[in-house]
Amino acid sequence: MKTAVIFWSGTGNTEAMAQAVAESAGAELFSVSDFSGNIEDYDAIAFGCPAMGAEVLEENEFEPFFSDIENKLNGKKIALFGSYGWGDGEWMRSWEDRVKSDGAVLIGGEGVIANETPSEEELAKCAELGKMLAE
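All values derive from a computational prediction rather than experimental measurement.

1. Points about the pairing of strand β2 (residues 28-31)
Next up, step 1: Two strands pair when backbone bridges link them, and strand β1 (residues 3-7) and β2 are joined in this way by four bridges, in the parallel orientation. Note that in β2 the partner of Phe7 across the bridge is Ser31.
Next up, step 2: Traced from β1 through helix α1 (residues 13-25) to β2, the parallel crossover comes out right-handed.

2. Quick notes on the side chain of Glu70
Next up, step 1: Mapping Glu70 onto the fold places it in the loop between α2 (62-69) and β4 (77-84).
Next up, step 2: In this structure Glu70 touches Arg98 and Asp102, once residues within four positions along its chain are discounted.

3. A look at the pairing of strand β3 (residues 44-48)
Next up, step 1: Counting buried residues along β3, five of its five residues qualify, which places the element largely inside the surrounding structure.
Next up, step 2: At this point the chain moves from β3, through α2, to the parallel β4, and the crossover so formed is right-handed.

4. Some words on the packing of α1 against helix α4 (residues 120-134)
Next up, step 1: Packing of α1 against α4 leaves a shortest axis separation of 7 Å and a crossing angle of 40 degrees. By the criterion of interaxial angle, the relationship of α1 to α4 is oblique. When the axes of α1 and α4 are compared, the crossing they make is right-handed. Note on element contacts: α4 touches α1 through Leu123, Cys126, Ala127, Gly130, Lys131 and Ala134, opposite Ala16, Met17, Ala20, Val21, Ser24 and Ala25.

5. Some thoughts on the nonpolar core
Within soluble globular proteins, side chains that are nonpolar generally end up buried alongside one another.
Next up, step 1: Core analysis: the biggest nonpolar cluster contains 27 residues, and Ile6, Phe47, Phe62 and Trp95 have the highest contact counts within it.
Next up, step 2: Every element with two or more residues in this core is listed here: β1, β3, α2, β4 and α3 (90-101).
Next up, step 3: Counting residues in each nonpolar core, the second largest holds 19 residues, with Ala18, Ala27, Ala79 and Ile107 among its members.

6. Brief notes about the environment of Met1
Next up, step 1: Looking at the secondary structure, you find Met1 in the segment before β1.
Next up, step 2: Since its relative accessible area comes to 56%, Met1 is described here as exposed.
Next up, step 3: Residues Met1 and Ala44, spaced 43 residues apart in sequence, show a C-alpha to C-alpha distance of 7.6 Å.
Next up, step 4: When sequence neighbours within four positions are dropped, the list of residues in contact with Met1 reads Asp43, Ala44, Lys77, Leu133, Ala134 and Glu135.

7. Description of the pattern of salt bridges
Next up, step 1: Considering all chains together, one arrives at five salt bridges under this definition.
Next up, step 2: Between Glu70 and Arg98 there is a salt bridge, and its shortest N-O distance comes to 3.0 Å. One end of the pair, Glu70, is in the loop between α2 and β4; the other, Arg98, is in helix α3, and 28 residues separate them in sequence.
Next up, step 3: For Lys125, the salt bridge goes to Glu121, with nearest N and O atoms at 3.8 Å. Taken as a pair, Lys125 and Glu121 lie in helix α4 at a separation of four residues, close to a single helical turn.
Next up, step 4: You can call Lys125 partly exposed: its relative accessible area is 44%.
Next up, step 5: The exposure class of Glu121 is exposed, given its relative accessible area of 56%.

8. What to know about the packing of aromatic side chains
Next up, step 1: Enumeration over the complete set of coordinates arrives at 11 aromatic pairs.
Next up, step 2: Taken together, a centroid distance of 6.5 Å and an interplanar angle of 80 degrees make the contact between Phe30 and Tyr42 edge-to-face. Of this pair, Phe30 sits in strand β2 while Tyr42 sits in the loop between β2 and β3, and the two are 12 residues apart along the sequence. Grouping residues by exposure puts Phe30 and Tyr42 together as buried.
Next up, step 3: Here the aromatic rings of Tyr84 and Trp91 are separated by 5.8 Å at their centres, their planes lie at 45 degrees, and the arrangement is tilted.
Next up, step 4: Since its relative accessible area comes to 15%, Tyr84 is described here as buried.
Next up, step 5: Following the ring pairs from residue to residue traces out a cluster consisting of Phe30, Phe35, Tyr42, Phe47, Phe62, Phe65, Phe66 and Trp95.

Cut-off values and rules
In this numbering scheme, every chain counts its residues from 1 along its sequence in written order. Given that the model is predicted, a residue must reach a pLDDT of at least 70 before its local features are reported, and side-chain atom pairs must reach 80 or more before they are shown or counted; all residues, however, enter totals for whole chains, interfaces and linings. Water and hydrogen atoms were dropped before computing side-chain values, which therefore reflect all heavy atoms in the structure. At least two bridges found by DSSP between two strands are what make those strands a pair. Going along the chain from the N terminus, every DSSP run of H or I of four or more residues is numbered as a helix, and every run of E of two or more is numbered as a strand. Crossover handedness is defined here as right-handed if the route from the first strand over the helix to the second strand goes clockwise, with the strands pointing away from the viewer. Residues count as neighbours in contact if any of their non-hydrogen atoms are within 4.5 Å of one another. For every residue, the accessible area obtained with a 1.4 Å probe (protein chains only) is divided by the maximum for its type, and the residue is called buried under 20%, exposed over 50%, and partly exposed between those limits. Fitted lines through C-alpha atoms give the axes, limited to the stretch in contact for helices. The angle between two N-to-C directions lies from 0 to 180 degrees. Every angle not falling under 35 degrees, over 145, or within 65 to 115 is termed oblique; those three ranges are roughly parallel, roughly antiparallel and roughly perpendicular. For any helix crossing, the convention is left-handed if the near helix is rotated counterclockwise from the far helix by under a right angle, and right-handed if that rotation is clockwise. Buried residues of nine kinds, namely Ala, Val, Leu, Ile, Met, Phe, Trp, Tyr and Cys, make up a nonpolar core once their side-chain atoms join them within 4.5 Å. By convention in these notes, a salt bridge is any Lys or Arg side-chain nitrogen within 4 Å of a carboxyl oxygen on Asp or Glu. Within 6.5 Å between ring centres, the rings of Phe, Tyr and Trp (the latter by its six-membered ring) count as paired, and their orientation is classed by plane angle as stacked under 30 degrees, edge-to-face over 60, tilted in between.

Laid out in structure tokens, this is it:
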């Protein structure tokens, strides 16, 4: 099974989470700006993006990328994670609904979220998410 972790990070918080997911999943790790492959080539994908603005996905790089590949997620194993600095996680709940409506198989239920810098416990949850994605 071919697995990828694709993320956007402005402060390094979501990147730390991405590394924990990728290591435990044995996945290829890409920042969204560095991903040049085909989503179709991957059986399982973890996406990481922090909450921005009024609890939305990062709007300049990640959202356009995600919008472009959404129609290719049907039937794929998908996991979500990200960090936030305010709010209550609405961006993650909206993202989960979006992924489910794309026909993806959401792994790990609710995505892993961390308020600001991820704690050791939150990084352990990311590692667990990676293991579930790789199964």
